[in-house]
Amino acid sequence: RKRLIFCKKYYIIIRQVKFMTIDLFNLVVNNKTINIDSDIIIPNEYLENSGIRRLNNIHFKGNIKKLVDDTYSLEGVLSGTMILADDITLEDYEYNFTSEIEENIEETSINLQKTLDITDILWQNILIEVPSKVVNDKNKNIKLEGNGWRLISEDDLNSKNNPLSELEDLLRKE
């Protein structure tokens, strides 16, 4: 159980490491806006099965407001660097991202201590920014061929110069 609780927390660095849980006392009692301007460290357990090797310099700057209907609004900008695997060479590739967050949060998300954990919202926005394909610029024109084989593109496959087009014609005749 302790491990699951640990995995569900993000950390914020403001001179020291703290949980990414926001105390809503001023917001609930005084109806003030809570400003957030913090670097975030995400535990490695979150990165498993996400395609992200590491996260560097993750920063969130924004605010939380209480709306008239007793819901809360989280707005801000999440930015940082993802270390991903290059799709061709599997080398580390740094991918900078920026995500604008505008979320409405229901009262049910707030616990009895009047705190709000925004970890799920931040993590979802990081995952949305993961590109489907990553290729380092130095690997874009790399030749993928060896002794007796070569990787061809879809365009080469459909062109007349395709060495496999004769084989395809034979298969169609049968």
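In strand β4 (residues 34–41), alternate side chains face the same way, and those of Ile34, Ile36, Ser38 and Ile40 are buried while those of Asn35, Asp37, Asp39 and Ile41 on the opposite face are not. Sheet topology note: the β4/strand β5 (residues 52–66) ladder contains 7 bridges and is antiparallel. Within the sheet, the bridge partner assigned to Ile36 lies in β5 and is Gly62.

Quick look at helix α4 (residues 119–128) now. Side chains three or four residues apart in an α-helix point the same way, a direct result of the helix having 3.6 residues per turn. Turning to α4, its buried residues number three or more, namely Thr119, Ile121, Leu122, Trp123, Asn125 and Ile126. Packing partners of the buried residues in α4 comprise β4, α3 (44–47), β5, β6 (72–85), β7 (92–105) and β8 (115–117).

With respect to the helices and strands, Leu127 occurs in helix α4. You can call Leu127 partly exposed: its relative accessible area is 35%. Remark: the alpha-carbon pair of Leu127 and Gly51, spanning 76 residues in sequence, is separated by 9.2 Å. Discounting chain neighbours no more than four positions away, the residues touching Leu127 are Ser50 and Ile52.

Our next topic: the pattern of salt bridges. One pass over the full model with this rule turns up 3 salt bridges. In this structure, Arg53 engages Asp92 in a salt bridge whose closest nitrogen and oxygen atoms are separated by 2.4 Å. Of the two residues, Arg53 is situated in strand β5 and Asp92 in strand β7; the sequence distance between them amounts to 39 residues. The residue Asp92 makes a salt bridge to Arg54 at a minimum N-O spacing of 3.2 Å.

With 75% of its residues at a pLDDT of 70 or more, the protein chain has an overall mean of 76. Between residues 1–19, whose pLDDT stays under 50, and residues either more than four places distant or in other chains, the model counts 44 contacts.

Rules used throughout
Residue positions within a chain follow its written sequence, with the count starting from 1. Local features are withheld for residues below a pLDDT of 70 in this predicted model, meaning they are given only at 70 or higher, and side-chain atom pairs are given and counted only at 80 or more; totals for whole chains, interfaces and linings count all residues. Note: side-chain values were computed over all heavy atoms of the structure, leaving out hydrogens and water. For each residue, the accessible area found with a 1.4 Å probe, counting protein chains only, is set against the maximum for its type, and the residue is called buried under 20%, exposed over 50%, and partly exposed in between. For the purposes of this entry, the term helix denotes a DSSP run of H or I that reaches at least four residues, the term strand denotes a run of E that reaches at least two, and both are numbered from the N terminus. In short, DSSP must find at least two bridges between two strands for them to pair. The contact definition used throughout considers only heavy atoms, calling two residues in contact when any of these lie within 4.5 Å. The salt bridge criterion pairs a side-chain nitrogen of Lys or Arg with a carboxyl oxygen of Asp or Glu, the two atoms within 4 Å. Scored between 0 and 100, pLDDT is the confidence that the predictor attaches to each residue.

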